[in-house]
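# Structural overview for review
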Amino acid sequence: MMSASEAAKRAAEHVTAMTGRAAESVVGLERAGEDGWRVCVEVVETHRIPDSADILAIYDTEVDADGELVSYRRVRRYPRGRVERD
């Protein structure tokens, strides 16, 4: 079974390959069944000047036990620095 840190690394690599945008950070991680991981990866979708005006996105991914991409989708876009409210 792949470790959580390796799953996060592989998911970030997959998002970079699929979107052409570098992953900024991993913002969520959980087991997906017995053999895989669900990983939320944050990327900069649009660079702006100043950086505080960048548009970020969260991609929800799933990787299997071998680190292969099973699914991915963009679930949210937002300006950098925006605070979520519960």
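Basis of the calculations
- Residues numbered from 1 in each chain as written.
- Predicted model: local features only at pLDDT ≥ 70, side-chain atom pairs only at ≥ 80, totals over all residues.
- Heavy atoms only, no water.
- Pairing = 2+ DSSP bridges.
- Helix = DSSP H or I, 4+ residues; strand = E, 2+ residues; numbered from the N terminus.
- Axes fitted to C-alpha atoms, helices over the stretch in contact; angles between N-to-C directions.
- Contact = heavy atoms within 4.5 Å.
- Core = buried A, V, L, I, M, F, W, Y, C linked by side-chain atoms within 4.5 Å.
- Buried < 20%, exposed > 50% of the residue type's maximum accessible area, 1.4 Å probe, protein only.

Read from one edge to the other, the open sheet built from four strands follows the order E1-E2-E3-E4, with strand pairing classed as antiparallel. Looking along the sheet, the strands with just one partner apiece sit at the ends: strand E1 (23–32) and strand E4 (69–79). Strand-to-strand twist of the sheet, defined as the mean angle between neighbouring strand axes without regard to direction, takes the value 20°. As defined by bridge partners, strand E3 (residues 55–63) adjoins E4 across nine bridges and the pair is classed as antiparallel. Opposite Ile55, over in E4, you have Pro79 as the bridge partner. Against the sheet, helix H1 (residues 4–19) touches E1, strand E2 (36–46), E3 and E4, its axis set at about 40° to E2.

We now examine the nonpolar core. Met2, Ala7, Ala11, Ala12, Val15, Trp37, Val39, Val41, Val43, Ala57, Tyr59 and Val63 form the largest nonpolar core, which has 12 residues in total. Residue assignment for this core shows that the elements contributing at least two residues are H1, E2 and E3. For Val41, the contacting residues outside a window of four places in its chain are Ala11, Ala12, Val15, Ala23, Ser25, Ala57, Ile58 and Tyr59.

As a further point, take the environment of Ala12. Mapped onto the fold, Ala12 is located in helix H1. A relative accessible area of 16% places Ala12 in the buried class. Spatially, the C-alpha atoms of Ala12 and Ala23 are 5.7 Å apart, while their sequence positions differ by 11 residues. Apart from residues no more than four positions distant in its own chain, Ala12 is found in contact with Ala23 and Val41.

Function cannot be read off these values alone, since they describe shape.
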